[in-house]
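Now for the letters of each chain:
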Amino acid sequence: LTGIGAPANNNYIPPVTSSFIVVQAQGGVLGSFSNLIQPALGTASSGGLAAGTRIDALYYNTGSATPIGSNSASSPNGTAAQYAADPNAIALWVTPASYTNLSSFGVSLSQNELDLGAALDALRGPAGVRNNEQATWDFGYLFAQQPKNLPGVFDSLTGEVNADAAEGAFQLTNQFLGLMLDPFNRPFSPGSAVESGSSHSALGFDTEDPQPGMPVNVASQDVSTPPLATKAATFDQRWMAWGAGLGAYTNISGDPATAGTHNFSTSTYGFAGGMDYSIPGALFGFAVAGGGDNWVVTQENLGTGNSYDVQAGLYGRTNFGHAYIGAALSVANNWMKTTRTPFAGAPLSASFDAQTFGGRVEAGYSFIYNAMKITPFAAGQVLAFHSPDYGETDSAGGGFALNYAARTETDLSSQLGGRFETATSVGNMPLIMRVQAAWEHDWVNDAGLAATFQAGLAPGALPGAGTSFIVNGAALPQNLAVVSAGTDLYVTRSISINAKFDGQIASGAQTYGGSLTFRDAW
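Attention in this report is confined to the structure presented alongside it. Nothing here was measured: the structure is a model prediction, and the numbers come from that model.

This part takes up the pairing of strand β7 (residues 304-320). Where strand β6 (residues 282-296) lies against β7, 15 bridges are found, and the strand directions are antiparallel. Bridge assignment links Trp295 to a residue of β7, and that residue is Gly305. Bridge count for β7 against strand β8 (residues 323-340) is 17 bridges, and the pairing is antiparallel. Its bridge partner lying in β8, Ser307 is registered against Met336. Hairpin connection of β7 to β8: two residues between the antiparallel strands, including Gly321 at a positive phi of 65°.

The structure is reproduced here in structure tokens:
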């Protein structure tokens, strides 16, 4: 590049992504340079290296199936290098001096991209030293990328879709806890049917229940329609079985410029069923559920994921006059799979089992005002998601596959709000209408997902190549408005249907969902 005297003066400054084959041996390349002495910074008169660049060496052998560039490999649109006809060669590449500092090319990086860039610097190691086959494959693609394209390239390498796996699991557990404990689904009030030996009352504080199995004040109010046909109860209705279908859709905005996270969405679905038993002043029960979720990093198309989930839970509720307190616990196993396609290579997939744990405690006080039941309440909830160590599968043998370390993400939340309930009728069937509004604050403990390039752990990797980096997914909101609206229709004195809409609204995040529940008391 430099130091050639007259008359063959050389002032050449090779642009980044240039490559040169300096050794070609029919028998293969077996050794390695101990290092490369980098040319001086180039000037218009002397030539040399451009600012912010260095020279790296890649070693190729027949059968390694690694890409190699020619002297014209520098591409203005940053496409990957092509394969050489005879890969028994050593090629020198002009590359960024550090993948954490691209300021010489007018390129800035987000936090996720900076963390990944540091891991790439560790993986390629000292200039000129021979790397293992997998890393050689990977850098054969990366070295051909123009610096302006590297932020997008880095985004495709972080594995961010794996960092977003907890959100759908949290949503499923949150809905399951709600089905077990929420009065929208578990109508139960102080001073009513439970205290008089019957169960599952939703409104009022009357001490007699003309139609066991439905709300006292619904059964006793004047609705100007004939009452439902009843028959004498021979024993108290202490049992209730219920089944529900549920679903929700969540969209969360990322922060691509600073944190390096991207917009993603998740949709959940499932079916749940349970049974509970009432004693005077209290009820307790159990429930099971099955379902799944699908999520996608919509911005830049950075990957998709899906899971199938089985949950089990216990719940209970008791009264103290017009006050109540309830609690629910749940545990779930999640069979998860993610798929993403980096900027080069075949799709990368990962399969793993994760567990989700949840608990909710709620207390409130009910009173009647102008024929409306009003219940101020406070609630606390904790969710925990644990995933194990796992790795991606790369059928092509390259493509920057990652291993991920085990992690536990928690979400502790509090709610303050109120419910408002009133009664009417449809034909001769009592109908309860409910709305709820609450403020929720969340404390999310998520240190990010630690990832390591598999090439850095493979035989022949350079010292320090296995350095891990942290990838973060889109952050969950801290403050939300939580709203619900629903109805209870009593088809008979013991059979009812509940339909409910749920919404969570925050800056940069929205969740919309609902459930349909059938109940039968006996």
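This paragraph deals with the packing of aromatic side chains. On inspection of all chains with the given rule, the structure shows 13 aromatic pairs. Geometrically, the ring pair formed by Phe453 and Phe469 is tilted, given 5.6 Å between the ring centres and 40° between the ring planes. Taken as a pair, Phe453 in strand β17 (residues 449-453) and Phe469 in strand β18 (residues 469-471) lie far apart in primary sequence, 16 residues in all. The exposure class of Phe469 is buried, given its relative accessible area of 3%. Grouped by ring-pair contacts, the aromatic residues Trp93, Phe139, Phe143, Phe343, Phe400, Phe453 and Phe469 constitute a single cluster. A cation sits over an aromatic face here: Arg317 above Tyr324, 3.9 Å from the ring centre. Positioned above the aromatic ring of Phe377, the side-chain terminus of Arg419 is 4.2 Å from the ring centre.

Counted under the stated rule, the structure contains six cavities of 30 Å³ or more. As a volume, the largest cavity reaches approximately 360 Å³. Forming the boundary of the largest cavity are 28 residues, of which Asn174, Gly178, Asp182, Lys500 and Asp502 lie nearest the centre. Mapped onto the lining of the largest cavity, the elements with two or more residues apiece are α5 (165-181), β4 (239-252), β9 (348-365), β15 (407-426), β16 (429-445), β19 (479-490), β20 (495-506) and β21 (509-521). Top element by residues in the lining of the largest cavity is α5. It accounts for seven residues. In terms of residue class, the lining of the largest cavity is made up of seven nonpolar, 14 polar and seven charged.

Scoring rules and cut-offs
Residues numbered from 1 in each chain as written. Predicted model: local features only at pLDDT ≥ 70, side-chain atom pairs only at ≥ 80, totals over all residues. Heavy atoms only, no water. Pairing = 2+ DSSP bridges. Helix = DSSP H or I, 4+ residues; strand = E, 2+ residues; numbered from the N terminus. Phe/Tyr/Trp six-rings, centres within 6.5 Å; stacked < 30°, edge-to-face > 60°. Buried < 20%, exposed > 50% of the residue type's maximum accessible area, 1.4 Å probe, protein only. Lys NZ or Arg CZ within 6 Å of the ring centre and 35° of its normal. 1 Å grid on protein atoms, 1.4 Å probe; cavity = no way out; pocket = protein on both sides within 12 Å on 5 of 7 lines; lining within 4 Å. Points joined across faces, edges and corners; volume = space filled by probe spheres on them. Nonpolar A, V, L, I, M, F, W, Y, C, P; charged D, E, K, R; others polar.

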